[in-house]
Every structure is written in structure tokens, then in C-alpha cells.
Amino acid sequence: QVQLVESGGGLVQAGGSLRLSCAASGSISSINDMRWYRQAPGKQRELVAAISSGGNTNYADSAKGRFTISRDNAKNTVYLQMNSLQPEDTAVYYCNAFITSTARSMTSYWGQGTQVTVSS
């Protein structure tokens, strides 16, 4: 069984930084794209950043220049370094990964979410 476990959320003042981590575990054969989404209260979930297995990255306009997505393939882990955080970045952040396991073909998995709160 594949699981994604996020960590690193918390409360930070505006202008501060946080680093989110998401580790995949289980009988993993390969991991393709890994992504970070966020969902603020009353809003739809939105894509924040994505990284391919080869390291190509894409960012939402709101994240460009402030957030950096990276991955450690040896650890099956994806990171999101968030700098210059603003109150509008407050949301639950979710990790998403496309994983092929020994039991299933490529499947989209989600983490449980981690709360990020930015105070003004």
C-alpha cells in the first residue's frame, strides 16, 4: 500500500519561510510527477507547483519567484520551499504523486494535507 505523508506546515509571520516535505512509502516501483496543491477556506484546490521525474518544474503564477519545488528520488520525497510568505498563502497544502507500485499501475495518490497559516 502506498502512502504519502506530509510535514513542515505551521504558523509563520508574513515574510517568513517554511519548507514542506512529502515522503512516499510502500511497494513503489516508480514515481512520475509530484505536485503540491493548496486549498484555502471557501476556495477550490489549486495547483501550486509540479516537478517531473526528470526534474522539470512548473509553478502557479502566485508561486513563481517565491516557492521552489524539488525532489529526492532516492528518498521518494518532494519538497516545497516557500519564501516571502503572505497571508494569502494561508491554506491546507496537499502533496500529490503519480506512483506505480508492485500492486497497481500508475495511480494518483494524495497526502493528508498540512496546514500553513501566515499571519500579517
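Residues numbered from 1 in each chain as written. Predicted model: local features only at pLDDT ≥ 70, side-chain atom pairs only at ≥ 80, totals over all residues. Heavy atoms only, no water.

> Before we move on, could you go through the state of the cysteines and cite the residues and values that matter?
Linking two cysteines covalently via their sulfur atoms produces the bond known as a disulfide. In the structure shown here, the tally under the stated rule is one disulfide. There is a disulfide in this structure between C22 and C95, and the S-S distance comes to 2.1 Å. Between C22 and C95, the disulfide has an S-S torsion of -80° and is therefore left-handed. Here C22, found in strand β3 (residues 18–25), pairs with C95, found in strand β9 (residues 91–101); they are 73 residues apart in sequence, far enough to count as distant. On the basis of relative accessibility, which here comes to 0%, the residue C22 falls in the buried class. (Disulfide = S-S within 2.5 Å. Helix = DSSP H or I, 4+ residues; strand = E, 2+ residues; numbered from the N terminus. Buried < 20%, exposed > 50% of the residue type's maximum accessible area, 1.4 Å probe, protein only.)

> Explain the sheet that holds β3 residue by residue, including any values.
Sheet architecture is open: four strands sit in the order β1-β3-β8-β7, paired in antiparallel fashion. Either end of the sheet is taken by a strand with one partner, and the two such strands are β1 (3–7) and β7 (67–72). Averaged over all pairs of adjacent strands, the angle between strand axes in this sheet comes to 15°, irrespective of strand direction. Two elements, β1 and β3, share five bridges in a ladder whose sense is antiparallel. Residue pairing for β3: Q3 is matched across the bridge by S25. (Pairing = 2+ DSSP bridges. Axes fitted to C-alpha atoms, helices over the stretch in contact; angles between N-to-C directions.)

> I'd like a description of the pattern of salt bridges, backed by residues and values.
Going through the model one piece at a time under the given rule, you end up with five salt bridges. As a salt-bridge pair, E46 and R38 come within 2.7 Å of each other at their nearest N and O atoms. Judged by its relative accessible area of 35%, E46 falls in the partly exposed class. A salt bridge links D89 to R38, with the nearest nitrogen and oxygen atoms 2.9 Å apart. Of this pair, D89 sits in the loop between β8 (77–82) and β9 while R38 is found in strand β4 (residues 28–39), placing the two residues 51 residues apart along the sequence. For the pair D89 and R38, a shared accessibility class is recorded, and that class is buried. Each of R38, E46, R66 and D89 takes part in salt bridges that share partners, so that together they form one network. (Salt bridge = Lys/Arg side-chain N within 4 Å of Asp/Glu carboxyl O.)

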